[in-house]
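Listed below are the residues making up each chain.
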Amino acid sequence: MSRWLRPDNSLTRSSGFSLVELIIIIIILGILSAVALPRFFRPADFEARFAVDHLKIAMQYAQKRAVNGGCQTQFELSTTGSETVYTLNSDTICDNSGTSSFSTPIKHPTDGGDFIVTLPSEVTITSPVPPLTLRFTTIGTITNEFDVLIATPLTLQIQQADVVRNIIVHGSTGVIE
């Protein structure tokens, strides 16, 4: 039989999925997305991550300001009522005022206002419990409010719901991770 006279089997051969199989797969995917996906994309995870990242960036910014500007800076974490606030201030001795205190607010690089940030109400600092003051020296090291070098790594624990994240501050090297 020549190739021109062969019977055409393409109409009788089944290939692919049937409509019933496709509907069952769609139903299974719908159930999985309704049950499993919210566990992967909880707002608590993102808010806690944002708080950790923003705290770490603020500390690194204060440190870089101290090193590049030749003037000590201070990171202060405090609570007022149910709010947790952190601020960045510069040493007033750099303003030629003659006395050393950290009452000159550092300007926020994005909006030019004072660097004062309130954490979301669901986010809490569990360790160490605020207030916390860190001073960044002009050589990049980190001291406490009494200008004593932080010799052992300091771990800040930030928690929201069951999500806990850490920031580790190494005072002698100035590394913030």
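Residues numbered from 1 in each chain as written. Predicted model: local features only at pLDDT ≥ 70, side-chain atom pairs only at ≥ 80, totals over all residues. Heavy atoms only, no water.

Attention shifts here to unusual backbone geometry. Omega for the bond connecting Ser127 with Pro128 falls within 30 degrees of zero, at -15°, which places this linkage in the cis form. The residue Pro128 is located in the loop between β5 (124-127) and β6 (132-136) in this model. Going from Pro130 to Pro131, the amide bond is cis rather than trans, its omega being 15°. Inspection of the secondary structure puts Pro131 in the loop between β5 and β6. The backbone of Asp147 shows a phi angle near 60°, a positive value even though the residue is not glycine. Inspection of the secondary structure assignment puts Asp147 in the loop between β7 (142-143) and β8 (154-160). Residue Asp147 is classed as partly exposed on the basis of its relative accessible area of 46%. (Helix = DSSP H or I, 4+ residues; strand = E, 2+ residues; numbered from the N terminus. Buried < 20%, exposed > 50% of the residue type's maximum accessible area, 1.4 Å probe, protein only.)

On to the packing of aromatic side chains, then. What characterises a pair of aromatic rings is the spacing of the ring centres plus the angle enclosed by the ring planes. Taken as a whole and assessed by the stated rule, the structure comprises 2 aromatic pairs. Summarising the aromatic geometry, the rings of Tyr61 and Phe115 are spaced 6.0 Å apart at their centres and angled 25° between planes, so their arrangement reads as stacked. Here the residue Tyr61 occupies a position in helix α3 (residues 43-69), and Phe115 occupies one in the loop between β3 (104-105) and β4 (116-118), the gap between them amounting to 54 residues. The class for Phe115 is buried, based on a relative accessible area of 4%. Between Phe75 and Tyr86 the ring centres are 5.6 Å apart and the planes differ by 35°, which places this aromatic pair in the tilted class. Of the two residues, Phe75 is situated in strand β1 (residues 73-80) and Tyr86 in strand β2 (residues 83-90); the sequence distance between them amounts to 11 residues. (Phe/Tyr/Trp six-rings, centres within 6.5 Å; stacked < 30°, edge-to-face > 60°.)

One open sheet accounts for 4 strands, arranged β5-β8-β9-β10; its pairing is antiparallel. Bordering the open sheet on either side are β5 and β10 (175-176), each of which pairs with just one other strand. The pairing of β8 with strand β9 (residues 163-170) spans 7 bridges and is classified as antiparallel. Paired with Ile158 across the strands is Arg165, a residue of β9. (Pairing = 2+ DSSP bridges.)

The next subject is the pattern of salt bridges. This model, assessed by the stated rule, comprises 3 salt bridges. A salt bridge links Asp114 to Lys107, with the shortest nitrogen-to-oxygen separation between them at 2.8 Å. Accessibility expressed as a relative area gives 34% for Asp114, which makes it partly exposed. Residue Lys107 is classed as partly exposed on the basis of its relative accessible area, which comes to 44%. Ionic pairing is found between Arg135 and Asp147, a salt bridge with its closest N-O pair at 3.4 Å. Taken together, the residues Arg135 in strand β6 and Asp147 in the loop between β7 and β8 connect sequence positions 12 residues apart. Accessibility expressed as a relative area gives 14% for Arg135, which makes it buried. (Salt bridge = Lys/Arg side-chain N within 4 Å of Asp/Glu carboxyl O.)

Okay, the confidence of the model for the protein chain next. For any part of a model where pLDDT is low, the fine detail of the predicted coordinates should not be relied upon. Of all residues in the protein chain, 88% attain a pLDDT of 70 or more, and the chain-wide mean is 83. For the protein chain, the element scoring lowest by mean pLDDT is helix α2 (residues 37-40), at 74; helix α1 (residues 19-35) scores highest, at 92. (pLDDT = per-residue confidence, 0-100.)

Turning our eyes to something else, we now look at the environment of Glu145. Topologically, Glu145 is positioned in the loop between β7 and β8. With 10 residues separating them in the primary sequence, Glu145 and Arg135 have C-alpha atoms 6.5 Å apart. Once residues lying within four places of it in the same chain are set aside, the contact partners of Glu145 are Thr133 and Arg135. (Contact = heavy atoms within 4.5 Å.)

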